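Take a look at the letters that make up each chain.
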Amino acid sequence: MKILTIGTNGFLGSWVNKLLQSEHSNFEILEIPGKEECDLTEFSEISNYLKEKSPDVVINCAAFVGGISYGYKYPVEMLSKNSLMAMNIYKASYDNAVKKLINPISNCAYPENINYYEEDKFWSGPPHESVFNYGLSKRLMVALGKSYKQEYNFSSVNVVLSNMYG
């Protein structure tokens, strides 16, 4: 089995990749560290990569992200780049017969007005304004997953992580 991890230059992606390499040595582990290797905002780049490498599973840890002030400084890029990457990864994965797409998602996609994260409350309000655009782009992944399953029977998993630092 071939597993591709996207975004291995980042905090989450680097740890996912280390875990895969240490725990699953019988799998072929591929990685796209960053946009220098494959610009995910360009559909042809990710589609050609998947066509050439033929991974069975894609773990998408890539994001255009920074701290809280980053989201205030770059709201358009935060929403548009993350949304474009999500749409391109879903379409390219489906088009190139990836068997499973896994998207770790931050809990900032949840509504700002809740303190206890339950799946049935995911859509019950807007994300907090400090992470609004990033949260919306992560919600798009959930909507894409549901849509691709409904229309194409494509298998994906969106895993909401409550905390990556503790």
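Residues numbered from 1 in each chain as written. Predicted model: local features only at pLDDT ≥ 70, side-chain atom pairs only at ≥ 80, totals over all residues. Heavy atoms only, no water.

## Quick word on the sheet that holds strand S1 (residues 2–6)
Spelled out, the test is: The pairing criterion is simple: DSSP has to find at least two bridges between the two strands. Segments assigned H or I by DSSP are reported as helices when at least four residues long, segments assigned E as strands when at least two residues long, and all are numbered from the N terminus. Helix axes use the C-alpha atoms of the stretch in contact, all axes being lines fitted to C-alpha atoms, and the angles between their N-to-C directions lie in the range 0 to 180 degrees. Here, two residues are considered to be in contact whenever any of their heavy atoms come within 4.5 Å of each other.
Read across the sheet, 5 strands follow the order S2-S1-S3-S4-S5 without closing on themselves; strand pairing throughout is parallel. Looking at the sheet topology across the chains shown, the edges are occupied by strand S2 (28–32) and strand S5 (156–161). Pairs of neighbouring strands in the sheet enclose a mean axial angle of 20 degrees, with direction left out of account. Where strand S4 (residues 100–106) and S5 come together, 6 bridges link them in parallel fashion. Within the sheet, the bridge partner assigned to serine 106 lies in S5 and is leucine 161. Each of S1, S2, strand S3 (57–60), S4 and S5 is contacted by helix H1 (residues 11–23), which is oriented at about 165 degrees to S2, the strand it contacts most. Packing of helix H5 (residues 132–152) onto the sheet brings it into contact with S3, S4 and S5, and relative to S4 it is tilted by some 150 degrees.

## A short note on the confidence of the model for the protein
This is how the line gets drawn: As a per-residue measure, pLDDT tells how confident the predictor is, with possible values from 0 to 100.
Here the protein shows a mean pLDDT of 93. Residues at 70 or above account for 98%. Between the elements of the protein, mean pLDDT differs from a low of 87, seen in helix H3 (residues 68–73), to a high of 98, seen in helix H2 (residues 43–53).

## Observations regarding the nonpolar core
Our working definition: Only buried Ala, Val, Leu, Ile, Met, Phe, Trp, Tyr and Cys residues count toward a nonpolar core, and they belong to the same one when joined by side-chain atoms within 4.5 Å. Between buried and exposed lies partly exposed: a residue is buried under 20% and exposed over 50% of the maximum accessible area for its type, with that area taken using a 1.4 Å probe on protein chains only.
Counting residues in each nonpolar core, the largest one holds 31 residues, and the members touching the most others are Leu4, Ile6, Leu40, Ile46 and Leu50. Of all elements in the fold, only S1, S2, H2, helix H4 (75–95), S4 and H5 reach the threshold of two or more residues within this core. Those residues in contact with leucine 50 that sit more than four places away from it in its chain are Leu4, Pro55, Val58, Ala92, Ser93, Asn96 and Val98. Ile3, Leu12, Val16 and Cys61 belong to the second largest nonpolar core, which has 7 residues in total.

## Concerning the side chain of asparagine 103
This is how it is decided: Contacts described as polar in this section are N or O atom pairs within 3.5 Å, which, within protein, must combine one atom able to donate a hydrogen with one able to accept it, while residues neighboring in sequence count only if both atoms come from side chains.
Its place among the elements puts asparagine 103 in strand S4. Here the side chain of asparagine 103 touches tyrosine 90 through a polar contact of 3.3 Å, side chain to side chain. Those residues in contact with asparagine 103 that sit more than four places away from it in its chain are Asn60, Tyr90, Met141, Val157, Asn158 and Val159.

## Topic: the packing of aromatic side chains
Under the convention used in this document: In summary, the pairing rule links any two rings of Phe, Tyr or Trp, Trp by its six-membered ring, whose centres are within 6.5 Å, and it sorts them by plane angle into stacked for under 30 degrees, edge-to-face for over 60 and tilted for everything else. By the criterion adopted, a ring carries a charge over it if an Arg CZ or a Lys NZ lies within 6 Å of its centre and within 35 degrees of its normal.
This model, assessed by the stated rule, comprises 12 aromatic pairs. With a centroid separation of 6.1 Å and an interplanar angle of 70 degrees, the aromatic rings of tyrosine 148 and phenylalanine 154 are classed as edge-to-face. One exposure class covers both tyrosine 148 and phenylalanine 154, and it is buried. An aromatic cluster is present here, built from Tyr90, Tyr94, Tyr148, Tyr152 and Phe154 joined pairwise through their rings. Here the basic side chain of lysine 18 rests over the ring of tryptophan 15, its NZ or CZ set 4.6 Å away from the ring centre. Over the aromatic face of phenylalanine 122 sits the side chain of arginine 139, whose NZ or CZ is 5.5 Å from the ring centroid.

## A few points about the side chain of arginine 139
Using the following cut-off: We treat Lys and Arg as the positive residues and Asp and Glu as the negative residues; His and chain ends play no part in the count. Put simply, a salt bridge is a Lys or Arg side-chain nitrogen that is within 4 Å of an Asp or Glu carboxyl oxygen.
With respect to the helices and strands, the residue arginine 139 is situated in helix H5. In this structure arginine 139 is buried but unpaired, with glutamate 112 as the nearest side chain of opposite charge at 9.2 Å. Within the local environment of arginine 139, its side chain forms a polar contact with the backbone oxygen of alanine 109, the two atoms lying 2.7 Å apart. Engagement of the side chain of arginine 139 in a polar contact is seen with the backbone oxygen of glycine 125, the distance being 2.5 Å.

## A few points about the layout of surface pockets
We count it as follows: Only protein atoms enter the 1 Å grid, on which a cavity is a set of points fitting a 1.4 Å probe that cannot get out and a pocket is an open set with protein on both sides within 12 Å along at least 5 of 7 lines, lining residues being those with an atom within 4 Å of a point. Grid points are joined across faces, edges and corners, and a volume is the space filled by probe spheres set on the points. We call Asp, Glu, Lys and Arg charged. Ala, Val, Leu, Ile, Met, Phe, Trp, Tyr, Cys and Pro are nonpolar, and the rest, Gly among them, are polar.
Roughly 1100 Å³ of internal volume is contained in the largest pocket. Lining of the largest pocket is provided by 50 residues; of these, Ala62, Ala63, Phe64, Val65 and Tyr134 occupy positions nearest its centre. When contributions to the lining of the largest pocket are tallied by element, the ones reaching two or more residues are H1, H3, H4, S4 and H5. The greatest single-element share of the lining of the largest pocket, amounting to 5 residues, is contributed by H5. Considered class by class, the residues forming the lining of the largest pocket number 28 nonpolar, 17 polar and 5 charged. If you add up the space inside the second largest pocket, you get close to 150 Å³. Contributing to the lining of the second largest pocket are Tyr110, Glu119, Phe122, Trp123, Val142, Asn158 and Val160. Within the lining of the second largest pocket, the residues separate by chemical class into 5 nonpolar, 1 polar and 1 charged.

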